[in-house]
Amino acid sequence: MEARQRLVTLAELKDRAAAAAPARDAWAALGGPSARDQLKVIAEIKRRSPSKGDLANIADPASLAVQYADGGAAVISVLTEQRRFNGSLADLDAVRAAVDVPLLRKDFMIDEYQIWEARAHGADLILLIVASLSDAQLRDYSALSHELGMNVLVETHTPDEVERAVDAGARIIGVNVRNLKTLDVDRSVFAGLAAGIPAGALIVGESGVRGVEDVRHYAASGANAVLVGEALVSDATPRERIAEFMAAGAEEIAARS
């Protein structure tokens, strides 16, 4: 970030953000007050991860994004961090030019500069990780994002973090079942954490989606959406896989209604 700040000032970013097309409504795309009988998919463009290493050689992120959109993805997530995820803002720009669905800039937000940067590059949704931010930062970064027309996905891992997210006014709350210290995945913790989230919020299941049974687990345990990366970037037919996930999720949501 500091290297980018030397190249593009905050004032320049603010001008670019002001000139950008208005942000798309990720809240509505993920279900909002209606369409709660569906399971939405946030499909991720992700070349590598700290836990799994290299995942896919994505030479054309725009083409992959089009496949995601055609498959019914409600939101497309783009990893822009370079060192550990091999992503870039150029990926976000390419995807923005190729699809009309809301985009999540899935970077670790630690400074307001990144929020202005996200909006300037066409993001409609940003990620705030409770574990890495103070309560004041959660409130301030959420407020700035909303001022810019963006929604916020607030990521939690523990009951205390869920409580902090709710207290900060989060409306889209992600429950990540990956332990940040060990990087291990435990899907069994999802239901307990989701139960602590108010009914009016949207709940996103994060990590550990390998196939249909994992999607069914999240949907049956209260998820309104799932965020899927590895299972899609490593699949030869991501368009069909998204449709399959959505159908399985809808069945589970109908069964719990």
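Residues numbered from 1 in each chain as written. Predicted model: local features only at pLDDT ≥ 70, side-chain atom pairs only at ≥ 80, totals over all residues. Heavy atoms only, no water.

Listed in full, the buried residues belonging to helix H5 (residues 89-98) are Leu89, Asp91, Leu92, Val95 and Arg96. One side of H5 holds all its buried residues, which, seen down the axis, span an arc of 150°. Among the exposed residues of H5, those pointing more than 90 degrees away from its buried face are Ala90 and Ala97. Tucked inside the fold, the buried residues of H5 contact helix H1 (2-7), strand E1 (40-45), helix H4 (61-71), strand E4 (75-78), strand E5 (103-105) and helix H6 (112-120). Looking at where H5 begins, the residue whose side-chain oxygen comes 3.3 Å from the main-chain nitrogen of Ala90 is Ser88. (Buried < 20%, exposed > 50% of the residue type's maximum accessible area, 1.4 Å probe, protein only. Helix = DSSP H or I, 4+ residues; strand = E, 2+ residues; numbered from the N terminus. Arc of directions from axis to C-beta. Contact = heavy atoms within 4.5 Å. Polar contact = N/O pair within 3.5 Å; in protein donor to acceptor, adjacent residues only side chain to side chain.)

With that out of the way, let us pick up the pattern of salt bridges. Pairs can form between side chains of opposite charge once their charged atoms are near each other. Tallied over the entire structure, the rule returns 20 salt bridges. With a closest N to O distance of 2.6 Å, Arg4 and Glu117 form a salt bridge. Taken together, the positions of Arg4 in helix H1 and Glu117 in helix H6 put the pair 113 residues apart, joining distant regions of the chain. The class for Glu117 is buried, based on a relative accessible area of 2%. A salt bridge links Lys106 to Glu44, with the nearest nitrogen and oxygen atoms 3.6 Å apart. With a gap of 62 residues between them, Lys106 in the loop between E5 and H6 and Glu44 in strand E1 connect regions that are remote in the sequence. For the residue pair Lys106 and Glu44, the accessibility class agrees, reading buried in each case. Where salt bridges share partners, they join Arg24, Arg96, Asp100, Arg119 and Asp124 into one cluster. (Salt bridge = Lys/Arg side-chain N within 4 Å of Asp/Glu carboxyl O.)

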